[in-house]
Each structure stands twice: as structure tokens, then as C-alpha cells.
Amino acid sequence: MSLLPAFTRHPEAGRIVGLLVTAYGELEFLLAHCVGEIIKSRDVAFKVMFRARGEEQRIVLADALARPTLTEGAYKTAFEQTISALRHCLKIRNQYAHCAWGDDARGLWFVALEENAKDNTPYDLTELTQHVLSLDLVREQEAFFLNTKLRLEALNFERQYQTGQIASPTVGIPAEIAKPALRL
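Below is a short write-up of the structure. Note that the structure is a prediction, hence the values are computed from the model and not measured.

1. Quick look at the overall build of the protein chain
Each helix and strand counted, the protein chain has 7 helices and 3 strands in total. In the protein chain, the succession of α and β elements from N to C terminus is α-α-α-α-α-β-β-α-β-α. Across its three principal directions, the C-alpha atoms of the protein chain cover 60 × 35 × 30 Å. For the protein chain, the proportion of its 184 residues judged to be buried stands at 40%. Considering only contacts within the protein chain whose residues lie at least 6 apart along the sequence, 63% involve residues at least 24 apart. About 9900 Å² of surface is accessible on the protein chain, with carbon and sulfur atoms providing 57% of the total. Taken as two groups, the 21 positive and 23 negative side-chain charges of the protein chain have centres that lie 6 Å from each other.

Structure representation (C-alpha cells):
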């Protein structure tokens, strides 16, 4: 017996979706490290960010902590692009975290449980849209998450290099990639 039989029948897509939902926390962890390097206090960055509830609130706080210290230039641009990418990762994560899963002849699909709850009509499960999810799309989303992770790591190393903590940033900041669709 499986908690999600549709994932058992679509193991690769299920694996990636599960990874996207759970890996988002790793991105927040890396963001806190990055902000800690920018403001020269990991303690403050972690305490401020993780005392707040809600992922969007943590992004807002991270941006507010870091922005006054950042000067115009390539690093600030890369940081802003990465914050934007992180917000998109959050949208991807949330669409999968707050849904129900199924599959049929069309393939794996999900319904967004919050979709119908936002209006004042009676909650009707038959009115929820089944969003068919392609393996290609979740692979694209996984690649986007990985790019965001690599950008956060590189920003962290670059800041350590700029402040003289390390002799070389070891890696360059990866190029920004296009934001994948949330769903088809």
C-alpha cells in the first residue's frame, strides 16, 4: 500500500515532486548563509529569518537584511536575480505541497486544493481542475531549483572572497536560467 498510489505508478515524476517540496528548505538554509555573509552575522541572519513563520516572509526578511549593505554592481544584480528565482521556486513548491494527486490515461495530475476555497461558492471537488504534469516539466523545474541552489552557494563564496575570508571564490555565479512554467 502506498500513501500516494499515483506516485507509485509515476515514480520518476513523483520522486522529483517530492524532492522539490522537501528541497525548498535547503534553499532557505543557503539563503540564510548568504545573508549572514552579506551582513557579517550568520547569527542575526538565521535568527531573524527562522523566527519568522512562512516562506515568503523569510525571503522578504532576507532581502531587507541584505539590501542596505549591497552596492550597485554585478553582485547586487546576481543577488536580486537569485531572490527572484527563489520566489519562483517557492511558487513551484507551494503548488505541489498544497494539492491532491491522481493519475489516469492522461498521466499524473494534481488538483490545487486552495483553488476553489478562495471564492464564496460551496466547496465542490468536481470543480477543481486536474493539472496534468509532464515529466519534462518537473525535470525543468528540478533544473531550475538546482540552478538557484548553485547561485546561492556561489553568492556565499563570492562574498567570502570579497571580504578576504577565502583566497578564491572557487566557482563563478551560474548564469540565470529561464523560469519554468508552474504547470502546463
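2. With respect to the sheet that holds strand E3 (residues 131-132)
Taken in spatial order, the 3 strands of this open sheet run E1-E2-E3, and their pairing is antiparallel. With partners counted over all chains shown, the strands left at the sheet margins are strand E1 (99-104) and E3, one partner each. Pairing of E1 with strand E2 (residues 107-112), which is carried by 6 bridges, proceeds in the antiparallel orientation. Of the residues in E2, the one forming a bridge with glycine 102 is tryptophan 109. Across the sheet, helix H5 (residues 74-97) lies against E1 and E2, angled at about 75 degrees from E1, the strand it touches most.

3. Section: the nonpolar core
Residues Tyr24, Leu31, Phe79, Tyr96, Trp101 and Leu133 are the most contacted members of the largest nonpolar core, which totals 41 residues. Within the residue set of this core, elements represented by two or more residues are helix H1 (5-9), helix H2 (11-39), helix H3 (42-51), helix H4 (55-66), H5, E1, E2 and helix H7 (135-162). No other element matches H2, which puts 12 residues into this core. Once you skip the residues sitting within four places of it in the chain, leucine 133 turns out to touch Val17, Tyr96, Trp101, Leu108, Trp109, Phe110 and Val138.

4. Re the state of the cysteines
Here the structure, examined in full by the defined rule, presents 0 disulfides. No disulfide involves cysteine 34; its sulfur sits 14 Å from the nearest other cysteine sulfur, which is in cysteine 89. Here cysteine 99 stays unpaired: no disulfide links it, and the sulfur of cysteine 89, its closest cysteine neighbor, is 17 Å away. With a relative accessible area of 14%, cysteine 99 lands in the buried category.

5. Description of the packing of H4 against H5
Two elements in contact, H4 and H5, have axes separated by 10 Å at closest approach and are oriented at 175 degrees. If you check the angle between H4 and H5, you find them roughly antiparallel. Where H4 abuts H5, its residues Glu55, Glu56, Ile59, Val60, Ala62, Asp63 and Ala66 lie against Phe79, Ile83, Leu86, Arg87, Leu90 and Arg93. Along the lines of polarity and charge, the residues of the contact of H4 with H5 split into 8 nonpolar, no polar and 5 charged.

6. What to know about the packing of H3 against H4
Relative orientation of the contacting elements H3 and H4 amounts to 150 degrees, with a least axis distance of 8 Å. As summarised for this structure, H3 and H4 are arranged roughly antiparallel, according to the angle between their axes. The element H3 and its partner H4 pack so that their crossing is right-handed. Here Ala45, Val48, Met49 and Phe50 of H3 come into contact with H4, specifically with Arg58, Leu61, Ala62 and Leu65.

7. Describing unusual backbone geometry
Even without glycine at this site, lysine 40 takes up a positive phi of about 65 degrees. Tracing the backbone through its elements, the reader meets lysine 40 in the loop between H2 and H3. Judged by relative accessible area, lysine 40 falls into the exposed class, the value being 69%.

8. What about H2?
With 29 residues, H2 should reach 42 Å at 1.5 Å per residue; the first-to-last C-alpha distance of 42 Å fits that figure. Considering bend angle alone, the principal kink of H2 is centred on threonine 22 and spans about 35 degrees. Positioned one or two residues after H2, lysine 40 has a phi angle of 65 degrees, which is positive.

So, how was this worked out
Residues numbered from 1 in each chain as written. Predicted model: local features only at pLDDT ≥ 70, side-chain atom pairs only at ≥ 80, totals over all residues. Heavy atoms only, no water. Helix = DSSP H or I, 4+ residues; strand = E, 2+ residues; numbered from the N terminus. Buried < 20%, exposed > 50% of the residue type's maximum accessible area, 1.4 Å probe, protein only. Contact = heavy atoms within 4.5 Å. Areas by Shrake-Rupley, 256 points an atom, 1.4 Å probe, with all protein chains shown as cover. Lys, Arg positive; Asp, Glu negative; His and termini not counted. Charge placed at Lys NZ, Arg CZ, Asp CG, Glu CD. Pairing = 2+ DSSP bridges. Axes fitted to C-alpha atoms, helices over the stretch in contact; angles between N-to-C directions. Core = buried A, V, L, I, M, F, W, Y, C linked by side-chain atoms within 4.5 Å. Disulfide = S-S within 2.5 Å. Parallel < 35°, antiparallel > 145°, perpendicular 65-115°, else oblique. Nonpolar A, V, L, I, M, F, W, Y, C, P; charged D, E, K, R; others polar. Left-handed = near helix turned anticlockwise from the far one by under 90°. Expected span 1.5 Å × (residues − 1). Bend = angle between axes of the 7 residues up to and from the residue.

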